[in-house]
Each structure stands twice: as structure tokens, then as C-alpha cells.
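Single-letter residue listing:
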Amino acid sequence: SDTAILTNTELGVKMGIASEYSKAKLAIVDPVLTYGLPKSLTGSTAMDAFAHGYEAFTGLMHNPVSDLYAEKTMRLVVDNLPLVMADPGNTEARDALMLAATIGGMSFGDSMVHLGHNIGQNIGTLAHTPHGVSCMLGVLAAIEYLAPAVPEKTAFVGALFGLDPLVARSHEALGRETAARYKAFLVSCGLPATLRELGVQESVLEPAAKLIEEDFILQPCAPRKPDAAEALALLKKIF
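Notes on the structure follow. (Residues numbered from 1 in each chain as written. Predicted model: local features only at pLDDT ≥ 70, side-chain atom pairs only at ≥ 80, totals over all residues. Heavy atoms only, no water.)

**Some points on the nonpolar core**
The line we're drawing: Each nonpolar core is a collection of buried residues, namely Ala, Val, Leu, Ile, Met, Phe, Trp, Tyr and Cys, held together in the definition by side-chain atoms within 4.5 Å. The cut-offs for exposure are 20% and 50% of the maximum accessible area for each residue type, with area from a 1.4 Å probe on protein chains only; residues under the lower value are buried, those over the upper are exposed, and the others partly exposed. Counting from the N terminus, the helices are the DSSP runs of H or I reaching at least four residues and the strands are the DSSP runs of E reaching at least two.
Counting residues in hydrophobic clusters, the biggest one holds 61 residues, and the most contacted among them are Met47, Phe50, Leu81, Tyr182 and Leu235. In terms of residue count, helix H5 (residues 131-146) provides more of this core than any other element does, 10 residues in total.

**Some words on the side chain of asparagine 122**
The condition is simple: We call two residues in contact whenever any of their non-hydrogen atoms come within 4.5 Å of each other.
Within the secondary structure layout, asparagine 122 lies in helix H4 (residues 115-127). The buried category is assigned to asparagine 122, whose relative accessible area is 9%. When neighbours within four sequence positions are excluded, asparagine 122 is seen to be in contact with His117, Ala208, Leu211, Ile212 and Asp215.

**Concerning the environment of lysine 153**
Quick note on the threshold: A 3.5 Å cut-off defines polar contacts: any pair of N or O atoms within that distance qualifies, except that in protein one atom must be a possible hydrogen donor and the other a possible acceptor, and neighbouring residues in sequence count only when both atoms are side-chain atoms.
Here lysine 153 lies in helix H6 (residues 151-160). Overall, the relative accessible area of 14% leaves lysine 153 in the buried class. If we ignore the near neighbours within four places in the chain, the residues touching lysine 153 are Phe57, Thr58, His62 and Asp67. There is a polar contact of 2.7 Å between the side chain of lysine 153 and the backbone oxygen of phenylalanine 57. Separated by 3.1 Å, the side chains of lysine 153 and histidine 62 make a polar contact.

**Focus: the packing of H4 against H5**
Condition: An axis is simply a line fitted to the C-alpha atoms; with a helix, the fit covers only the stretch in contact. Between two such axes, the angle follows the N-to-C directions and lies from 0 to 180 degrees. Each angle is binned into one of four classes, with values under 35 degrees roughly parallel, values over 145 roughly antiparallel, values of 65 to 115 roughly perpendicular, and all other values oblique. Two helices cross in a left-handed way if the nearer one is turned anticlockwise from the farther one by less than a right angle. They cross in a right-handed way if the turn is clockwise. Side-chain classes are defined by residue name, with Ala, Val, Leu, Ile, Met, Phe, Trp, Tyr, Cys and Pro counting as nonpolar, Asp, Glu, Lys and Arg as charged, and the others, Gly among them, as polar.
Where H4 meets H5, the axes come as close as 7 Å, and the angle between the chain directions of the two elements is 135°. Comparing the axis directions of H4 and H5 gives the class oblique. Judged by the sense of rotation from one axis to the other, the crossing of H4 with H5 is right-handed. Contact residues: Leu115, Gly116, His117, Ile119, Gly120, Gln121 and Gly124 in H4; His131, Ser134, Cys135, Gly138, Val139, Ala141, Ala142, Tyr145 and Leu146 in H5. Residue classes in the contact of H4 with H5 are distributed as 8 nonpolar, 8 polar and no charged.

**Let's talk about the environment of phenylalanine 185**
Residue placement: phenylalanine 185 occurs in helix H7 (residues 171-188). What makes phenylalanine 185 buried here is its relative accessible area of 9%. In this structure, the C-alpha to C-alpha distance between phenylalanine 185 and phenylalanine 161, residues 24 residues apart in sequence, is 7.7 Å. Beyond its immediate sequence surroundings of up to four residues, phenylalanine 185 is in contact with Met47, Val77, Val78, Leu81, Pro82 and Phe161.

**Observations concerning the packing of aromatic side chains**
Using the following cut-off: Put simply, two rings from Phe, Tyr or Trp (the six-membered ring, in Trp's case) pair if the centres are within 6.5 Å, and we call them stacked under 30 degrees between planes, edge-to-face over 60, tilted for the rest.
Enumeration over the complete set of coordinates arrives at 5 aromatic pairs. Between phenylalanine 161 and tyrosine 182, the ring centres sit 5.9 Å apart and the planes meet at 90°, which makes this aromatic pair edge-to-face. With phenylalanine 161 in the loop between H6 and H7 and tyrosine 182 in helix H7, this residue pair connects regions lying 21 residues apart in the sequence. For the pair phenylalanine 161 and tyrosine 182, one class covers both residues: buried.

**Topic: the packing of helix H1 (residues 39-58) against H4**
Taken N-terminus to C-terminus, the directions of H1 and H4 make an angle of 140°; their axes are 9 Å apart at the nearest point. Of the possible angle classes, the one that applies to H1 and H4 is oblique. Here Asp48, Ala51, His52 and Glu55 of H1 come into contact with H4, specifically with Leu115, Gly116 and His117. A per-class count over the contact of H1 with H4 returns 2 nonpolar, 3 polar and 2 charged.

**Observations concerning helix H2 (residues 64-86)**
The α-helix advances 3.6 residues per turn, and as a result positions three or four apart in sequence lie on the same side. The criterion, for reference: To estimate how far a helix should extend, the number of its residues minus one is multiplied by 1.5 Å. Fitting axes to the seven residues that end at a residue and to the seven that start at it, the angle between those axes gives the bend at that residue.
Its 23 residues give H2 an end-to-end C-alpha distance of 34 Å, which sits within 8% of 33 Å, the value for a rise of 1.5 Å per residue. A bend of about 35° at asparagine 80 is the largest found in H2, and the proline proline 82 appears one to four places after it. The set of residues buried in H2 consists of Ser66, Asp67, Ala70, Thr73, Met74, Leu76, Val77, Val78, Asn80, Leu81, Val84 and Met85. Looking at the packing, one finds that the buried side of H2 touches H1, helix H3 (91-110), H6 and H7. Among the residues of H2, the N-terminal cap falls to asparagine 63, whose side-chain oxygen and the backbone nitrogen of valine 65 are separated by 3.0 Å.

Written out as C-alpha cells, the structure reads:
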């Protein structure tokens, strides 16, 4: 992608910088380098890749090419992360996750991330939580909230987690059920499913909600744009 992350040590925040100068001329993607990762890092980075795919897929800047990358990214993570978490030595599944990470970057490089990363990065700014787990919980909050705006795409995501896409549901019910399946997937992989599990203090939620509303980079790309009150409600749901 064209995004680099820099840490501002004076303010204690991570800042994303997007530029053509950030793009690599050549990338050597070697899955072997991931074989020894602990489960916590394997899970958080895989779900960050899922977040890239989900947000590229549901964002306002999506297009036919980004959709192809995004759909494959999400499917690879859902199919292979449980295998790796159960057997860290499963090299075939680790290779698939590395592919997901790679094309996930391509998907949001051709589209854009939005609400999941908006939530995750602003929580991370205040609570200093790791990027991957913060964003995967941001997606948990986003799925139900965004479903009325992107019902067909939410149905696709739900089907990845076992929901029957042919069963008629209201947009709100589709969002709730898809979010519940997504949360169950996190739990089954041994990953945190609430902000509380990450050590986030409840006092962080209100200032984070204000930052989410004011995020001038990630807020515009979401198909629904929460104000601070809505953002706070979303944060409380995943707390």
C-alpha cells in the first residue's frame, strides 16, 4: 500500500502518512518468516488483514478490482486462521494468511479503510493498544452499524461465517447476526472480543468517540458516519 505509520513520541500517537513515495518498488513476501510467530501476533495481524478486506469492500471508494482482492482476503482469513491457531506448524495455512495480508493491502490501497480503523486507531491513540486487535474490534462495532447501508455486502460477509445468504432478514437483523458470528469467530480463535479484555479503561471511550467523529481521513470513506454520540454507543457495545 502507499501508507506508512510513524510514531510521534512527543504526543504518544501513531500517524498514518499516505504517499506515492511510501510504495515499495519491490516486496519480498516470505511466509517462512511468520512460522515462529506467537498465536497472539498471528491472530491480530490476520484479523487486521481481514479488517483491510472488510473495509475496502464496504467503503465508498470500493471498485470491482478492490472488491476482488477484498473478498479473497476475507475468505482466506476465515478459512485459515482457525487452522493456524489450532496448529501453529500448519505451513500451508500460514502461507494462505501471508497471501491474505498481501492482497488485503492491495485491496485497501485500491479502495480505503474507514470505520473499523477509525475506531481502532483512535482507541489505540488513547489506550495504546496494539493496532491489529484494536481494528478487529473496530470491525466488530462497524458490522452491525453499517449493515443498513451495505446489506448485500454484509450478507456476503455473514455467509463467510456460516449465515445462509438466502434467508430473508431485515438489514438490522442481518447486521446483528453477522456481528455475532464474527465475535464468535474471534473467541474460537482465542482472541479478545471486547475492549475490556485489551485493558481499555471506560474513561477512554468518550474522548475516543469525539476523535472518531472528527477523523478527517477515515470518517469520509464510511458508508455511514457516526457522530460522537453514535460512536460512543458503538464503543460501549464492544466494551
